[in-house]
Amino acid sequence: MGKVHVMDHPLIQHKLTLIRDKNTGSKEFREMVEEVSLLMAYEVYRDLPLKEIEVETPMGKAKGYTIAGKKLGIVPILRAGLGMVDGMTKLVPTAKVGHIGLYRDPDTMEPVEYYAKLPPDIHERDLILVDPMLATGGSASAAVHYLKKKGAKSIKLVCLIAAPEGIELVQKDHDDIDIFAAAVDERLNSRGYIIPGLGDAGDRLFGTR
Ligand code: PRP
Ligand code: URA
């Protein structure tokens, strides 16, 4: 069973609270989502393998470490996942970015796929699937299915806010996926919105409310 990592770092919690605030406008919302994503990336990349190298300092030789050539891929679920890409790639600028377009049908709450473009070698990459909201889990689970169908072997899911229902579905459908979240909220409402959540992440990011 994949693990659920809830990131309780004070900076993440402080910024997440500003993101939740209904009075936070799109500009600040976008900036804060990027910052929280960067802070989360720091922890998500914790298990990157290192190799030992020698480095010459102005004072002589020193033992050092470098990331051991791991290939990474960031895959945002469109639209709202786009808000997390810059934060995730800032620390690892060589990561390739794939995109999966899914929207949730407002009536059935089922995910509908409309776009996908992935790096050709995703089977060799450690993939980080990003989407601010894990609500029913339908979108994330469908995205993981799609990535696996295309050959992905290693996938982590990173979201800002998860609902217990979404975690349960992803764990039921994919027992090999670790989930990273800044918060696990109480529940979903009857329209599949996370309570208390932050509202509609895509609309708040892009000002389409
Ligand atoms: C939101 C969110 C997730 C999905 C979560 O996207 O960004 O992708 O809903 O819900 P689920 O866990 O119940 O599937 P939405 O469908 O609103 O599309 P958007 O990002 O284009 O606004
Ligand atoms: N999608 C969102 O953007 N917000 C929610 O609370 C649930 C799904």
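Look up a bit, the structure's there.
Residues numbered from 1 in each chain as written. Chains lettered and ligands numbered in written order. Predicted model: local features only at pLDDT ≥ 70, side-chain atom pairs only at ≥ 80, totals over all residues. Heavy atoms only, no water.

*Asks:* Outline the packing of helix α4 (residues 138-149) against helix α5 (residues 164-173), listing residues and values.
*Replies:* A pair of packed helices is captured by two measures, namely the crossing angle of their axes and the spacing between those axes. Relative orientation of the contacting elements α4 and α5 amounts to 25°, with a least axis distance of 8 Å. One element, α4, and the other, α5, form an angle in the roughly parallel class. Crossing geometry of α4 relative to α5 is assigned as right-handed. Where α4 abuts α5, its residues Gly138, Ala140, Ser141 and His145 lie against Leu169, Val170 and Asp173. Residues of the contact of α4 with α5, tallied by class, amount to three nonpolar, three polar and one charged. (Axes fitted to C-alpha atoms, helices over the stretch in contact; angles between N-to-C directions. Helix = DSSP H or I, 4+ residues; strand = E, 2+ residues; numbered from the N terminus. Parallel < 35°, antiparallel > 145°, perpendicular 65-115°, else oblique. Left-handed = near helix turned anticlockwise from the far one by under 90°. Contact = heavy atoms within 4.5 Å. Nonpolar A, V, L, I, M, F, W, Y, C, P; charged D, E, K, R; others polar.)

*Asks:* Let's hear about the site of ligand 1: which residues, and what values?
*Replies:* The environment of ligand 1 is formed by 15 residues, the closest being Arg104, Asp131, Thr136, Gly137 and Ser139. Between ligand 1 and the protein, one listed contact pairs an oxygen atom with a backbone N or O atom of Ala135 at 2.9 Å. Across the complex, the protein chains shield 90% of the 500 Å² of accessible surface that ligand 1 would expose by itself. The set of elements that each furnish at least two residues to the shell around ligand 1 consists of β6 (99-104), β9 (133-134) and α4. Split into classes, the residues belonging to the shell around ligand 1 amount to six nonpolar, five polar and four charged. (Near = heavy atom within 4 Å. Polar contact = N/O pair within 3.5 Å; in protein donor to acceptor, adjacent residues only side chain to side chain. Areas by Shrake-Rupley, 256 points an atom, 1.4 Å probe, with all protein chains shown as cover.)

*Asks:* Quick rundown of the site of ligand 2? Include the residues and the values.
*Replies:* Lining the immediate environment of ligand 2, one finds Arg104, Met133, Ala135, Gly192, Tyr193, Ile194, Gly199, Asp200 and Ala201. Within the backbone of Gly199, an N or O atom sits 2.8 Å from a nitrogen atom of ligand 2. For ligand 2, whose unbound accessible area comes to 240 Å², protein coverage reaches 87%. For the shell around ligand 2, a count of residues per class yields five nonpolar, two polar and two charged.

*Asks:* So, the environment of Leu11: which residues are in play, and what are the values?
*Replies:* If you trace the backbone, Leu11 turns up in helix α1 (residues 10-20). Note on Leu11: relative accessible area 44%, which makes it partly exposed. Distance in space between the C-alpha atoms of Leu11 and Ala116 is 33 Å, their sequence separation being 105 residues. (Buried < 20%, exposed > 50% of the residue type's maximum accessible area, 1.4 Å probe, protein only.)

*Asks:* Provide a residue-level description of a nonpolar patch on the surface, including the pertinent values.
*Replies:* On the surface, Val4, Val6 and Val184 cluster together to form a nonpolar patch covering roughly 200 Å² of accessible area. You can see Val6 is positioned in strand β1 (residues 4-6). On the basis of relative accessible area, Val6 is assigned to the partly exposed category, the value being 43%. (Patch = residues over 30% accessible without salt bridge, like charges linked within 9 Å, V, L, I, M, F, W, Y side chains within 5 Å. Salt bridge = Lys/Arg side-chain N within 4 Å of Asp/Glu carboxyl O.)

*Asks:* Outline α1, supporting the account with residue identities and numerical values.
*Replies:* Because an α-helix packs 3.6 residues into every turn, residues spaced three or four apart end up facing the same way. Those residues of α1 that sit buried are Ile12, Lys15, Leu16 and Ile19. Along the axis of α1, the buried positions cluster into a sector of 105°, meaning they face one direction only. α1 presents Pro10, His14 and Thr17 as exposed residues on the side facing more than 90 degrees away from its buried surface. Structurally, α1 contributes buried residues whose contacts are with α2 (26-44), β10 (154-162), β11 (178-184) and α6 (201-206). (Arc of directions from axis to C-beta.)

*Asks:* So what's going on with the pattern of salt bridges? Residues and values would help.
*Replies:* For the structure shown, the criterion picks out 15 salt bridges. With a closest N to O distance of 3.1 Å, Lys156 and Asp47 form a salt bridge. Linking Lys156 in strand β10 with Asp47 in the loop between α2 and β2 (50-57), this pair joins segments that are 109 residues apart in sequence. The partner of Lys71 in a salt bridge is Asp121, and the shortest N-O contact between them spans 3.2 Å. Pair noted here: Lys71 is in the loop between β3 (60-67) and β4 (72-78) and Asp121 is in the loop between β7 (111-117) and β8 (126-130), with a separation of 50 residues, a long-range link. The class for Asp121 is buried, based on a relative accessible area of 15%. Overlapping salt bridges bring together Lys71, Asp121, Glu124 and Arg125 as one network.

*Asks:* Before we move on, can you summarise the pairing of β6 with the specific residues and values?
*Replies:* When β4 meets β6, the two strands line up parallel, connected through two bridges. Counterpart to Ile77 in the pairing with β6 is Ile100. Note that β6 and β7 share six bridges and pair antiparallel. Across the sheet, the residue bridging to Arg104 is Pro111, located in β7. From the end of β6 to the start of β7, which pair antiparallel, there are six residues, and Met109 there has a positive phi angle of about 65°. (Pairing = 2+ DSSP bridges.)

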